[in-house]
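# Understanding the architecture of this molecule
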Amino acid sequence: EPEVTQTPSHQVTQMGQEVILRCVPISNHLYFYWYRQILGQKVEFLVSFYNNEISEKSEIFDDQFSVERPDGSNFTLKIRSTKLEDSAMYFCASSDGQGAYEQYFGPGTRLTVT
Amino acid sequence: QKEVEQNSGPLSVPEGAIASLNCTYSDRGSQSFFWYRQYSGKSPELIMFIYSNGDKEDGRFTAQLNKASQYVSLLIRDSQPSDSATYLCASPPGAPGGGADGLTFGKGTHLIIQP
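Rules used in this analysis
- Residues numbered from 1 in each chain as written.
- Chains lettered and ligands numbered in written order.
- Predicted model: local features only at pLDDT ≥ 70, side-chain atom pairs only at ≥ 80, totals over all residues.
- Heavy atoms only, no water.
- Pairing = 2+ DSSP bridges.
- Helix = DSSP H or I, 4+ residues; strand = E, 2+ residues; numbered from the N terminus.
- Disulfide = S-S within 2.5 Å.
- Buried < 20%, exposed > 50% of the residue type's maximum accessible area, 1.4 Å probe, protein only.
- Contact = heavy atoms within 4.5 Å.
- Buried area = accessible area lost by both parts, 1.4 Å probe.
- Salt bridge = Lys/Arg side-chain N within 4 Å of Asp/Glu carboxyl O.
- Polar contact = N/O pair within 3.5 Å; in protein donor to acceptor, adjacent residues only side chain to side chain.
- Nonpolar A, V, L, I, M, F, W, Y, C, P; charged D, E, K, R; others polar.

## Some remarks on the sheet that holds strand β6 (residues 54-58) of chain B
All names here are of chain B. Read from one edge of the open sheet, five strands run β1-β3-β8-β7-β6, paired in antiparallel fashion. At either end of the open sheet lies a strand with only one pairing partner, and these are β1 (4-5) and β6. Bridge count between strand β3 (residues 19-25) and strand β8 (residues 71-76): six bridges; the pairing is antiparallel. Counted as the bridge partner of Ser20 is Leu75 from β8.

## Overview of the state of the cysteines
One pass over the structure, following the stated rule, counts two disulfides over all chains. The disulfide partner of Cys23(A) is Cys92(A), and the gap between their sulfur atoms is 1.9 Å. Since a negative S-S torsion denotes a left-handed disulfide, the Cys23(A)-Cys92(A) link at about -65° is left-handed. Taken together, the residues Cys23(A) in strand β3 (residues 19-24) and Cys92(A) in strand β9 (residues 88-95) connect sequence positions 69 residues apart. Both residues of the pair, Cys23(A) and Cys92(A), belong to the buried class. Here Cys23(B) is linked by a disulfide to Cys89(B), with a sulfur-sulfur distance of 2.1 Å. With the S-S bond torsion at -70°, the cross-link from Cys23(B) to Cys89(B) turns out left-handed. Of this pair, Cys23(B) sits in strand β3 while Cys89(B) sits in strand β9 (residues 85-91); the two residues are 66 residues apart in sequence, bridging distant segments of the chain.

## Observations regarding the pairing of strand β4 (residues 33-38) of chain B
All names here are of chain B. Taking burial as the measure, the six residues of β4 include six buried ones, the bulk of the element. The two faces of β4 match: Phe33, Trp35 and Arg37 on one face and Phe34, Tyr36 and Gln38 on the other face are all buried. Linking two consecutive strands that pair antiparallel, namely β4 and strand β5 (residues 45-50), is a turn of six residues; a positive phi of about 80° is found at Gly41 within it. Note that β4 and β9 share five bridges and pair antiparallel. Note on β9: the bridge partner recorded for Phe34 is Ala90.

## Here's the deal with the interface of chain A and chain B
Each side of the interface is counted separately: chain A has 19 residues, and chain B has 21 residues. Of all residues in chain A, the largest losses of buried area upon contact with chain B belong to Lys42(A), Ala100(A) and Phe105(A), amounting jointly to 32% of the total for that side. The tally of links from chain A across to chain B stands at one salt bridge. Along the contact surface separating chain A from chain B lie five residue pairs in polar contact (both at pLDDT 80 or more). At the level of secondary structure, the elements contributing two or more residues to the side of chain A that touches chain B comprise β4 (31-37), β5 (43-50), β6 (53-57) and β10 (104-105) of chain A. It is β4(A) that provides the largest number of residues to the side of chain A that touches chain B, a total of four residues. Grouping the constituent residues of the side of chain A that touches chain B by class yields 11 nonpolar, five polar and three charged.

## Comments concerning the pattern of salt bridges
Residue and element names in this part refer to chain B. Summed over the entire model, instances satisfying the criterion amount to five salt bridges over all chains. One salt bridge connects Arg77 with Glu57, and the closest N-O pair in it is separated by 3.5 Å. In this pair, Arg77 sits in the loop between β8 and β9 while Glu57 sits in strand β6, placing the two residues 20 residues apart along the sequence. Its relative accessible area of 27% is what places Arg77 among the partly exposed residues.

In C-alpha cells, the structure reads:
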C-alpha cells in the first residue's frame, strides 16, 4: 500500500541553524501538508501546498518557514533559523483531493533544537 | 477560533467491551470529521471519516455525527489490547476550501484496553 515517507527520522540541530525536512508524498496525490506536534500537545497545521504553491498557512507558519517541491516527488519544509521552541515532531501528509480529502500522514521527523 | 474538544482521558475499557470516544466542535459550518489513531511516538493513522448526520460503520468501528449538537463520536466494538492508543478527532474549516484545508485536531483521548 502506498505511503508517505519522511527523512530523516530524527534531526538534531543547534539554535540558529537551518534545517530541511524532506517528504515523499503518495505518488498520485495532489495536496501536500505539513503539521507539527510539540511533545504532549495537539497536532497543529502549518501549511498546505497545491499546484506548486502554498494554498493555506497557519499563524505558526511565519517567515522562518518555507516549503518547496523541488522535483516531481519530494516536498520539503525549511526552517531558516531554528529556535528552541521549534523542537517538535513534524509530520508531512498528502491527499488525492477526492471525496472527503482524507489526509494520510507520514511517520514524522523528530526535530530537536539544542 | 475554531475548536475541537476531546476528553483527554485516560479511558479504560475491558477487553471485548465497547469503547466510546467523544468529540465536540465549535464551528457550526464544519462539514466533515476524521478520526485518527496515534500510538505513542508514532504518526496519526486515519481510521474513519464522516460527513453526514447519523452513523457510519467500518468493521469494528462506528462513527456517529450529530450536527445539531455539534458532536462526533467513535465506537470501537470488541475492543482489543492493540486498540490502546490516543484517538484524535479532526476537522477542516467550516468554509470548505477543498483539499487546501488544514485540519484542526483535538488533543486526543488516551484509550487503554485492559486484558
